[in-house]
Amino acid sequence: MFEEYYDSTWLAGAQKRLKEEIPELDQLLKAQYHKKKNITPELCQDQRDFFDSTAAYERYLLVVATKIAMLDIYDFKFGVDIAAAQSNIERTQANAEDIFKYLNRDIMKAYKGLDERLQLIARLNWLSILYRMVHDIAKIRGAVHDQKTLLFFRKLNLKENWDKAAGAYRAAENAAKEDVKQPSFDQWMTDFEKTVIEPEEALWKREEIRGAAIRRTKRAVQIVVLCAVSYVIISYAAGFGYVARMLHHLRPEVVTNTADIDGFGTFPPADIADYNASSIKDKGNPLYTDRNLMDGDTTTSWTEGEDDAGINRRMYFNIEKKATVNYIVIWNGDQSSEENFRAHNRLKQVTLKINDTRHMYTMTLADTMGPQYIRVEREDVDRLWIIIDSVYEGDNGEDETSVSEVEIY
């Protein structure tokens, strides 16, 4: 494949034309080839008489240098061949850097004894090989849509390299004397730009735009998916929103509308194996016992017996077997009368603890008579605690906190 690329260059054509013009060319090349690698006009001066013009002699110098450069193309040839292979495994940005490293280090050194204008001709010929390579890569199925290949092409940066060399060459050619100008190269370069460079640049530019659009779309989709997944996770973990509701994992909270509890009124009371409170005023007095918490009578109440309004005291409920707890009903304060309700402290902020310390939820109760509902909707519950965090202070100044009734469904 590399030989096909080289055969398309102006240098290959120049060598062919010289052979037609000068039968002794092969012998001259062989003799010159063994002298030195750093070809200069002075080194080849003894062959000057074989050429009818300075332009033909310059072509000869380029051909000799190219013959010598062929010794050092193996790394460059390898880079070109693997880059244009059917597999894209070698089309990497590092490989693109290596191709130019080989070109600058191993090939162009053969031309360094020539003047700048001839060096630019040589460079443009070798850049044309890279363009032929890219042209063949574009024919590989799916290559132009491959992100790695697009990055490889961008890293080659052929258009900028070509424009820089072509601009410098045209400036040098315009300033050169008529007898050294290379009109055939000028025509070759113009044709190459029109038939290869312009279509290739348009193709890869189009694919880069398309690839960028696809990447933006993918990123947008990824962001949407990430947001959706994040919402699902957050909704489930935090216990709010549509996902938590669908998965019956809503955060326990006080609700004022029983319609917020799915199936409200259809659940039987939970089977309570035991319940108690961590503090009781005047133990043994039935007016204050924790047995009043679940006696079915809202005119009786439990009253704690500490001097700190019962802060951090708790009510504990042990369910007979692990079961689903849908909601809790709390009759806050002493609800035997409006006067008694206002006289005693009432629960304000409480923490609901379910099964273990990983499931603790803080909520605020209203300072009103009548039932209040805590939506729970948790499966496999065997223990519940209601812990007092703060209270609404009563009017009697005795710092006593009461709860009339607790129901669990």
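Remember, predicted model here, so these are calculated numbers, not experimental data.

> Looking at this model, I keep getting lost on the overall build of the protein chain. Mind explaining?
Helix and strand counts for the protein chain come out as twelve helices and ten strands. Relative to the globule expectation of 22 Å for 409 residues, the C-alpha radius of gyration of the protein chain, 45 Å, shows a markedly less compact shape. Here the protein chain, with 409 residues, has 46% of them falling under the buried criterion. Sequence separation of 24 or more characterises 75% of the internal contacts of the protein chain that already satisfy a separation of 6 or more. Taken as a whole, the protein chain presents about 20,700 Å² of accessible surface, with 51% of it coming from carbon and sulfur. A distance of 12 Å separates the average location of the 54 positive side-chain charges in the protein chain from that of its 67 negative side-chain charges.

> Help me understand the side chain of R375 in this model?
When you line up the elements, R375 lands in strand 8 (residues 371-388). Polar contacts involving the side chain of R375 include one to the main-chain carbonyl oxygen of R251, which spans 3.4 Å. There is a polar contact of 2.7 Å between the side chain of R375 and the side chain of E253. Those residues in contact with R375 that sit more than four places away from it in its chain are R245, L250, R251, P252, E253, V255, D260, I261, N326 and Y327.

> Would you mind showing me how to read helix 2 (residues 10-21) here?
Since the α-helix turns once every 3.6 residues, residues separated by three or four places project in the same direction. Taking 1.5 Å of rise per residue, the twelve residues of helix 2 would be expected to cover 16 Å, and the 16 Å separating its terminal C-alpha atoms lies within 8% of that figure. When helix 2 is considered as a whole, its buried residues turn out to be W10, L11, A12, A14, Q15 and L18.

> So what exactly am I meant to see when it comes to the environment of F341 here?
Mapped onto the fold, F341 is located in helix 12 (residues 338-343). By relative accessible area, F341 is classed as buried at 0%. F341 has contacts with N332, G333, D334, Q335, R346, D367, T368 and M369, leaving out every residue within four places of it along the chain.

Quick notes on the rules
- Residues numbered from 1 in each chain as written.
- Predicted model: local features only at pLDDT ≥ 70, side-chain atom pairs only at ≥ 80, totals over all residues.
- Heavy atoms only, no water.
- Helix = DSSP H or I, 4+ residues; strand = E, 2+ residues; numbered from the N terminus.
- Rg over C-alpha atoms; globule rule 2.2 N^0.38 Å.
- Buried < 20%, exposed > 50% of the residue type's maximum accessible area, 1.4 Å probe, protein only.
- Contact = heavy atoms within 4.5 Å.
- Areas by Shrake-Rupley, 256 points an atom, 1.4 Å probe, with all protein chains shown as cover.
- Lys, Arg positive; Asp, Glu negative; His and termini not counted.
- Charge placed at Lys NZ, Arg CZ, Asp CG, Glu CD.
- Polar contact = N/O pair within 3.5 Å; in protein donor to acceptor, adjacent residues only side chain to side chain.
- Expected span 1.5 Å × (residues − 1).

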